[in-house]
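# Structure at a glance
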Amino acid sequence: MSAKSKADLNPAAVKSEGRLEWRALLRWMLEDGLIDQEQVQRTEQRFTAGDSSLHPLVRLGHAGLSRMGSGKSLDLDALTEWLAARAKLPYLRIDPLKVDVGRVSDVMSVGYAEAKRCLPILVGLHDVTIATSEPFDTAWVAQIESHMRKPIKLVVANPLEISRFTTEFFTLARSVRAAAKAGESSQVASFEQLVELGRSNKALDANDQGVVQVVDWLWQYAFDQRASDIHLEPRREMGVIRFRIDGVLHTVYQLPPTVMSAMISRIKLLGRMDVVERRRPLDGRIKTRNPAGDEVEMRLSTLPTAFGEKMVMRIFDPDTAVKDLSMLGFSPHDNERWEKLVQRPHGIILVTGPTGSGKTTTLYSTLKRLATDEVNVCTIEDPIEMIEPSFNQTQVQTVLDFGFAEGLRALMRQDPDIIMVGEIRDLATAEMAIQAALTGHLVFSTLHTNDAAAAITRLTDLGVPSYLISATVIGVLAQRLVRTLCKHCKLPDPSVTRDTLNDMLKHWRMNGGVKPYKAVGCLECRNTGFRGRAGLYELLTIEESVKEHLHPTPDISALRRQAVQEGLRPLRLAGAMKVAEGMTTLEEILRSTPQWQS
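Note that the structure is predicted; figures quoted are calculated from it, not measured.

## A word on the overall build of the protein
A tally of regular secondary structure across the protein gives 23 helices and 18 strands. Looking at the protein as a whole, 51% of its 598 residues are labelled buried. Here the contacts in the protein between residues at least 6 apart in sequence split such that 65% fall between residues at least 24 apart.

Listed below in C-alpha cells is the structure:
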C-alpha cells in the first residue's frame, strides 16, 4: 500500500456511522422475538455501570440472555449469527487456515482494521471478502473498493474472533515484511538460483527479530490448530507452509524464499543442528510449550530439494503421543487379548502398519504401562521419537557404525527386562531381536506390512528361519488410523445397512445394531466432515495351533484361517464396527484398510 493510499485510509478521515449500540440491539432482539420485555429490563439495569469499551454484542453475549420459548443460551456466536441475518449478510466463523494471511495488510492498515472492527479474509481475483462486526457501518467500503479496484463482499463474524485474528495476522505480516527487508540469502538455495549469486552479499540472520517472531507464531499456530506435522517447503517463487491435521495436509501460508531459509536456519539453531550443512539430511529435536503451558516435543528432519532445504517438524503432544491403553481405541475383545500378550515374560511382539498409522503411540503407551520400578525398559531408536523418563532410550548413530543390531547387542549387556527396537530393517537386527527373545527378554519392534500375517512373510524374506519365528514371535498387531466423523454435523446415512457392510466384508458377518452416519461438513471441522482420528487394530496371537502353520514352511493362508479361530478380527472388520457405531464412514474404511485375504 502506498503512502498516499495509507493516508487516504486514515480511520480519522472516514465518517463513522451506523455503529451498533446495545440498547438498539436489545430493541431489535425484542422485535424479532428472541427475548422478552423482562430480559430487556433486567439487562438495562445491569448495563448502567457496564464497561462501554467492549463491543455491544460481546456485552450482550456475557449477559446470560436466553432465547424465548426454547430457553437456549444466547451466547456470542448465537447473537452474531442473529445479527448477520438481521443485516442480510452471510455469517462466518473465521477459520484461520482459510484466511489469506499474506494479503491482509495489502487491503488496509492494522489501525484502519481496528478502527472499523473488520478483517480482510480473502483477496480473490474478482473481489475481496472482509469480515466485520459492524454490519451497518459501511461508509468505509467505497474507499477500500477504490483502493483495491475490486468489489467488497461483507460477512459478519464474531467480534472477539475479529479482534484476536487482527492482532495475530497483522503482527505476522509485519514480522514477515521485516524479515524480508533484512536482506537476501547469499546461500546456494536452489539449482535454478545459481545465476543469482553475487547480486547481494546480505544474508538473513536466523536471530533477526522478524524471523524469531514468525517462528514463534508458526509453532503456537500449529499447536492451536491440532497439527501433527509442520512442513516448510521451498518452491521456485514462494516458500509454502503446510500443516497436517487429522492426516490431511492444509496450506497455511506462503513466504518469500529468503524468509523461509532464515526460518529453517532459526529452527535448526534451536534444535542444535548444523546450520551451515544443507547438502545432506539432518535430524534434530526441540522441546517447547503449547499455549496451555504444557511441554511439547518436536522431531526435526531436513532434506535437500531442488529449490532449497525442506524441513518437516513432527509434533509429539504428550496428551496424544502417550495415552492410557484404554484410550487407544481397542475393542474390548482386542484390548483383553493385548493385555494378556504384553504381560508375557519373553518373546517378540511386532506392531505393523504404514508410516503415520500410530505405531509409535501404541508402543510408547504400552511401554509406559509396563515400565514399573521392578523392570528395566530399554529402547534403541532411529531417531528417538519422544523423550520418556521411565525408559532408557538410545539413539542409532549410523556415522559411528552404531545401528540397530549393534545397539541391541549393547543393550543385552545392560540387564534389560523389556527391549524396544525402533524397526527391524535387516537380517542382523532380526537375529539380535530373536537372540534377545530366546534369552528371556520381551522385545517390541515395528515392521512395515499391510496386515498382521504379512509380518511373518516379511521376516521370512529377511532370511529368518521359520523355526526361529515360531520359537520367538508371540504376537503381531497391525493398525491403521481413520478419520472420525465430526459430532457437530454428521447425519444418519440410510444408504449403509448391515447388508452393505456384510457385502464389503465378504467372509464376515456383522451382528447387532447398525447406526451409520455420513460426513457433512461444518465450521468446526473446516467443512471436511471429520474431526480427530481413531485406531483400527488386527491382533494376531501366535498360539500353538497357529505355529503348526509356520514350520517347516510358513503357510500364510492357513495361518490366517487358524488365527481367526483364535480370535483375530481383521482390520476391515474392525473398521466396519466403527461404521456401525457411527464413528466413521464406509468410504473412509475402504480407503484405509486392506481387503481380507484367507
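## Looking at unusual backbone geometry
Trans is the common state for peptide bonds, and a negative phi is the common state for residues other than glycine. At R149, a residue that is not glycine, the phi angle is positive and equals roughly 60°. Locating R149 in the fold gives a position in the loop between α8 (141-148) and β3 (152-156). Although it is not a glycine, D401 adopts a positive phi angle of roughly 55°. Examined against the element boundaries, D401 turns out to sit in the loop between β12 (392-395) and α15 (404-411).

## Let's talk about the environment of V421
Positionally, V421 belongs in strand β13 (residues 418-421). Residue classification places V421 among the buried positions, given a relative accessible area of 0%. Along the primary structure V421 and T379 are separated by 42 residues, whereas in three dimensions their C-alpha atoms are 5.9 Å apart. Apart from residues lying up to four places away in sequence, V421 is in contact with I380, F404, L408, T429, V443, F444, S445 and T446.

## Some remarks on the pattern of salt bridges
Side chains that differ in charge, positive against negative, can pair when their charged atoms come close. In this structure the tally under the stated criterion is 32 salt bridges. Here E233 and R235 are joined by a salt bridge, their closest N and O atoms 2.5 Å apart. Judged by its relative accessible area of 6%, E233 is buried. A network of salt bridges, in which partner residues are shared, links D77, R93, E161 and E524.

## Some details on the UniProt feature "domain: Bacterial type II secretion system protein E" (unreviewed entry) in the protein
UniProt records the feature "domain: Bacterial type II secretion system protein E" (unreviewed entry) at residues 412-426, using the numbering of this structure. The span residues 412-426 is 0% helical and 27% strand by assignment, and the distance between its end C-alpha atoms comes to 18 Å.

## Description of the nonpolar core
Grouped together as the largest cluster of nonpolar side chains are 64 residues, with contacts concentrated most on M108, I130, I230, L232, I241 and F243. With nine residues, helix α10 (residues 209-224) is the largest single contributor of residues to this core. Among residues more than four places away in sequence, those in contact with I241 are L218, I230, H231, L232, H250, T251, V252, Y253, L255, M260 and M263. By size, the runner-up hydrophobic cluster in this structure holds 57 residues, among which are I424, L459, M504 and L559.

## Remarks on the packing of aromatic side chains
Applying the stated criterion across every chain, the model contains 10 aromatic pairs. The interplanar angle of 15° and the centroid separation of 4.1 Å between the aromatic rings of F330 and Y537 together place this pair among those described as stacked. Here the residue F330 occupies a position in the loop between α12 (318-321) and α13 (332-342), and Y537 occupies one in strand β18 (residues 530-541), the gap between them amounting to 207 residues. Each of the two residues, F330 as well as Y537, counts as buried. Through a chain of ring-to-ring contacts, the aromatic side chains of W217, Y221, F243 and Y253 assemble into a single cluster.

## Some remarks on the sheet that holds strand β1 (residues 118-123)
Read from one edge of the open sheet, three strands run β1-β2-β3, paired in mixed fashion. On the outer flanks of this sheet lie β1 and β3, each paired with one strand and no other. Taking the axes of each pair of neighbouring strands and ignoring which way they run, one obtains an average angle of 30° across the sheet. Bridge analysis of strand β2 (residues 128-132) against β3 gives five bridges, and the strand direction is parallel. When the sheet's bridge partners are listed, I130 is paired in β3 with L154. Docked against the sheet, α8 engages β1, β2 and β3, running at close to 135° with respect to β3.

Thresholds, definitions, all that
- Residues numbered from 1 in each chain as written.
- Predicted model: local features only at pLDDT ≥ 70, side-chain atom pairs only at ≥ 80, totals over all residues.
- Heavy atoms only, no water.
- Helix = DSSP H or I, 4+ residues; strand = E, 2+ residues; numbered from the N terminus.
- Buried < 20%, exposed > 50% of the residue type's maximum accessible area, 1.4 Å probe, protein only.
- Contact = heavy atoms within 4.5 Å.
- Salt bridge = Lys/Arg side-chain N within 4 Å of Asp/Glu carboxyl O.
- UniProt positions renumbered as here; feature names shortened; annotations may be inferred.
- Core = buried A, V, L, I, M, F, W, Y, C linked by side-chain atoms within 4.5 Å.
- Phe/Tyr/Trp six-rings, centres within 6.5 Å; stacked < 30°, edge-to-face > 60°.
- Pairing = 2+ DSSP bridges.
- Axes fitted to C-alpha atoms, helices over the stretch in contact; angles between N-to-C directions.

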